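# Structure at a glance
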Amino acid sequence: MTTYIAPVRDMQFVIRELAGLERIAKLPGFEEATPELSEAVLEAAAKLASEVLAPLNKIGDEQGARLTPDGVAPAQGFGAAYRQFVDNGWNGLSGDPVYGGQGLPGLICAATVEIWNSANMSFALCPLLTAGAMEALKQHGSRELKACYLPKLVSGEWTGTMNLTEPQAGSDLSAVRTKAVPEGDHYRISGQKIFITWGDHDMSENVVHLVLARTPDAPEGVRGISLFVVPKFLVQADGGLGERNDLRCVSIEHKLGIHASPTCVMSFGDKEGAIGYLVGQENKGLSHMFTMMNEARQKVGLQGLGIAERAYQAARDYAKERVQGRPAGQKGGERVTIIHHPDVRRMLLSMKSQLEAMRAFGYVLAADLDFAQKHPDHAERERGQARAELLIPVLKGWCTELAVEIASIGVQVHGGMGFIEETGACQYLRDARIAPIYEGTTGIQAADLVGRKLPADKGRAMAALIEEMRTVEAHLVDAEGDALTSIRFALRDGVHALEEATQWMLQTIGSDANAALAASVSYLMLVGYVCGGWQMARAAIASRAGLRSGQQRDFYQAKIAIAGFYAEQILPKATALLKVVKSGASTALNLSDECF
Ligand SMILES: Cc1cc2nc3c(=O)[nH]c(=O)nc-3n(C[C@H](O)[C@H](O)[C@H](O)COP(=O)(O)OP(=O)(O)OC[C@H]3O[C@@H](n4cnc5c(N)ncnc54)[C@H](O)[C@@H]3O)c2cc1C
């Protein structure tokens, strides 16, 4: 089994050349975000990842978390690793300095999210959810709630969870039944939540649950849902921990992957009702929770990238070791390692080119979020926000779907050994499989994209994106060779497919919602492939400039070749998907239920 080494040079290339670290460092509060700082952060994260977190990945898979009479016990080594993670300040990397965080740009933090998830996806879920809880409290909590909870969540002394799902309320949260009855300055919460990630454990002193529930007179449906903060241990006036709250983990799920991440059934209020505090306004809980969900959706997209990178590294290393067969067209001669076989090279490059496209797309979007938050110019803030709103469902859906595909190709590269647990290739596939499901399935992301995000501004944010892609296309004109020319033609076709599919979608969503929704996942994937192509084209342009500088020739030549492969072998999927989208999946709609 191979270990994990973070591809810091690739990450730095994207951070500097594509996501524009220089521009980020001009934003107020981010002045210290130099390339040197970014590199130092990534090198330190890479060290912790390869020395501490990655070696626990298999142990966590084999042992899993366990439910004991005292609560959930994490797999061996996870508690110590978490302490090291927190002591080294990693939990507060993006946290607001007002609450003790380091306030680093989301762009640099996005790269660390990739690193944690490559090293150990189960472990990474714990800080991922804490970050979401921090964001929801920061944006919607009262001054008192922020003062009480944020410093501890930022430091990582306490962890956060997201309690949405109930047996009857999964994708459709309007069916949430958990109750919240007002009592003085707090509420009494009772009900059952299922599938709660890191819902209980002893790695931190306290677990802070963000819970969706209904007050007694709340209207039906999504307009009657409120958000509460419900700590495992009640917090006293002096900030110290008091009694245990009336909530507990009653069981944990046995599941396909991420065994070390406890997926808990949580029971609130078995006795007198768990004490909870309202976050934001009553009945506005779902929109407040969306703050947390958007944050989590972005990070689950990056998680897809992380697990894909890990699967790629394992496949690449195996392909360089495994000896099988002879070079094509030769009868005698030496047997070769499988990386010499054209089809294995195709598989490896399809993994690598797609994950590089995912990385560029994910980091550039993280930079857009930084601009949305910090740019002094209102128009730039709006632009960043509109871009992120439009593309977060694509990042989540496309990157996680590709993660499963890439991890599956990783198994294939290993041949029979890929199906055997020993190599680790199966674990990456099993772990990756949850990513297109939680934080809203791909179907839900696609419905969000075509039903809300795209029509919200009548397609303006998408039109601006297409315009920007066309500018890149123009920069691909190449006097020196035809490598960039073929990328240019592929991008031109991809952008054309995106434009036509978008027009169809905007026309159809209003007139025939069923047809639009039936085609929505194909549309989301089309957007993803073209966004990937756009970023790979930018990578090729930046590499051409890098080559002219005469330094790191091998690195830049490889980048152009990988972008070329993406343009040739991956991006044409967009044109095929255009046809699929425009068919509106009428067959699926017209078949009677009995015929399924
Ligand atoms: C390991 C794990 C960890 C999780 N962690 C958490 C957590 O920390 N907190 C939390 O609250 N929840 C968590 N979840 C729950 C997760 O978010 C839900 O499982 C997910 O949102 C899907 O809901 P569901 O399982 O009820 O599926 P369903 O909603 O029943 O969906 C089943 C299928 O129907 C499709 N579908 C449903 N409605 C629509 C629609 N309107 N349009 C199109 N397609 C639709 C879905 O795409 C899916 O394919 C976790 C789940 C798992 C398995």
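One can find the structure itself at the top, above this paragraph.
Below: a short report on this structure. (Residues numbered from 1 in each chain as written. Predicted model: local features only at pLDDT ≥ 70, side-chain atom pairs only at ≥ 80, totals over all residues. Heavy atoms only, no water.)

### As for the overall build of the protein chain
- A count of helical and extended segments in the protein chain gives 20 helices and 12 strands.
- If you line up the protein chain on its principal axes, its C-alpha atoms span 75 × 60 × 55 Å.
- A buried classification covers 58% of the 596 residues belonging to the protein chain.
- The long-range fraction of contacts in the protein chain, counting pairs at least 24 apart against all pairs at least 6 apart in sequence, stands at 74%.
- A total of about 24300 Å² of accessible surface is found on the protein chain, and carbon and sulfur atoms cover 52% of it.
- Distance between charge centres in the protein chain, computed from 59 positive and 69 negative side chains, equals 4 Å. (Helix = DSSP H or I, 4+ residues; strand = E, 2+ residues; numbered from the N terminus. Buried < 20%, exposed > 50% of the residue type's maximum accessible area, 1.4 Å probe, protein only. Contact = heavy atoms within 4.5 Å. Areas by Shrake-Rupley, 256 points an atom, 1.4 Å probe, with all protein chains shown as cover. Lys, Arg positive; Asp, Glu negative; His and termini not counted. Charge placed at Lys NZ, Arg CZ, Asp CG, Glu CD.)

### Structural notes on the site of the ligand
- Taken together, the neighbourhood of the ligand is formed by 16 residues, with M162, T165, S171, F195 and T441 sitting nearest.
- One nitrogen or oxygen atom from the main chain of M162 is found 2.7 Å from a nitrogen atom belonging to the ligand.
- Here T441 contributes a side-chain N or O atom positioned 2.6 Å from an oxygen atom of the ligand.
- Compared with its free state, where it exposes 960 Å², the ligand has 61% of that area covered by protein.
- Comparing atom positions with the cavity grids shows the ligand to sit within the second largest pocket.
- Every element with two or more residues in the shell around the ligand is listed here: β3 (158–163) and β5 (186–197).
- With three residues, the single largest contributor to the shell around the ligand is β5.
- Looking at side-chain class alone, the shell around the ligand contains eight nonpolar, seven polar and one charged residues. (Near = heavy atom within 4 Å. Polar contact = N/O pair within 3.5 Å; in protein donor to acceptor, adjacent residues only side chain to side chain. 1 Å grid on protein atoms, 1.4 Å probe; cavity = no way out; pocket = protein on both sides within 12 Å on 5 of 7 lines; lining within 4 Å. Sits in = over half its atoms within 2 Å of the grid points. Nonpolar A, V, L, I, M, F, W, Y, C, P; charged D, E, K, R; others polar.)

### A few points about helix α18 (residues 553–570)
- Across its 18 residues, α18 extends 25 Å between first and last C-alpha, which sits within 8% of the 26 Å expected from 1.5 Å per residue.
- Looking at α18, one finds that the buried residues are F555, Y556, K559, I560, I562, A563, G564, F565, Y566, A567 and I570.
- Lining the buried residues of α18 we find α1 (8–18), α10 (342–374), α11 (378–413), α15 (483–511), α17 (520–548) and α19 (572–583). (Expected span 1.5 Å × (residues − 1).)

### Examining the side chain of T178
- Within the secondary structure layout, T178 lies in the loop between β3 and β4 (179–183).
- For T178, a relative accessible area of 1% translates into the label buried.
- Within the local environment of T178, its side chain forms a polar contact with the side chain of E166, the two groups lying 2.6 Å apart.
- Apart from the residues within four sequence positions on either side, T178 is in contact with E166, I189, S190, G191, Q192, K193, V211, L212, A213 and R214.

### Section: the packing of helix α4 (residues 55–63) against helix α12 (residues 425–432)
- Direction vectors running N to C along α4 and α12 enclose 70°, while the axes themselves pass 11 Å from each other. When the axes of α4 and α12 are compared, the pair comes out roughly perpendicular. Residue-level contacts link N57, K58 and D61 of α4 to Q427, Y428, R430 and D431 of α12.
- Looking at side-chain class alone, the contact of α4 with α12 contains one nonpolar, two polar and four charged residues. (Axes fitted to C-alpha atoms, helices over the stretch in contact; angles between N-to-C directions. Parallel < 35°, antiparallel > 145°, perpendicular 65-115°, else oblique.)

### What about the pairing of strand β7 (residues 226–231)?
- A large share of β7 lies buried, amounting to six of its six residues.
- Every second residue of β7 is oriented toward a common face, with S226, F228 and V230 on one face and L227, V229 and P231 on the other, all of them buried.
- Where strand β6 (residues 206–213) lies against β7, six bridges are found, and the strand directions are antiparallel. Each bridged residue has a counterpart across the sheet, and for L210 the counterpart in β7 is V229.
- Pairing geometry for β7 and strand β12 (residues 274–279), over three bridges, is antiparallel. Opposite L227, over in β12, you have V279 as the bridge partner. (Pairing = 2+ DSSP bridges.)

### Some words on empty space enclosed by the protein
- In the structure shown here, the tally under the stated rule is two cavities of 30 Å³ or more.
- One number sums up the size of the largest cavity: a volume of about 80 Å³.
- In terms of lining, the largest cavity is formed by D10, F13, V14, L18, E356, R359, A360, M536, A539, K559 and A563.
- At the level of secondary structure, the elements contributing two or more residues to the lining of the largest cavity comprise α1, α10, α17 and α18.
- The biggest single contributor to the lining of the largest cavity is α1, with four residues.
- Looking at the lining of the largest cavity residue by residue, the class counts come to seven nonpolar, no polar and four charged.
- Looking at the second largest cavity, its volume works out to about 30 Å³.
- Taken together, I487, L491, G533, M536, A537, A563, Y566, A567 and L571 make up the lining of the second largest cavity. (Points joined across faces, edges and corners; volume = space filled by probe spheres on them.)

### Thoughts on the packing of aromatic side chains
- Taken as a whole and assessed by the stated rule, the structure comprises 13 aromatic pairs.
- For the pair F13 and F555, a centre-to-centre distance of 5.6 Å together with 80° between the ring planes defines the contact as edge-to-face. On the criterion of sequence distance, the pair formed by F13 in helix α1 and F555 in helix α18 is long-range, its members being 542 residues apart.
- Residue classification places F555 among the buried residues on the basis of a relative accessible area of 10%.
- With 5.4 Å between their ring centres and 75° between their planes, F555 and Y556 make a pair best called edge-to-face. In this pair, the class of F555 matches that of Y556, namely buried.
- Aromatic ring contacts, followed pair by pair, group F78, Y82, F85, W90, W116 and F123 into a single cluster.
- Positioned over the ring face of F233 is R244, at 5.7 Å from the centre of the ring. (Phe/Tyr/Trp six-rings, centres within 6.5 Å; stacked < 30°, edge-to-face > 60°. Lys NZ or Arg CZ within 6 Å of the ring centre and 35° of its normal.)

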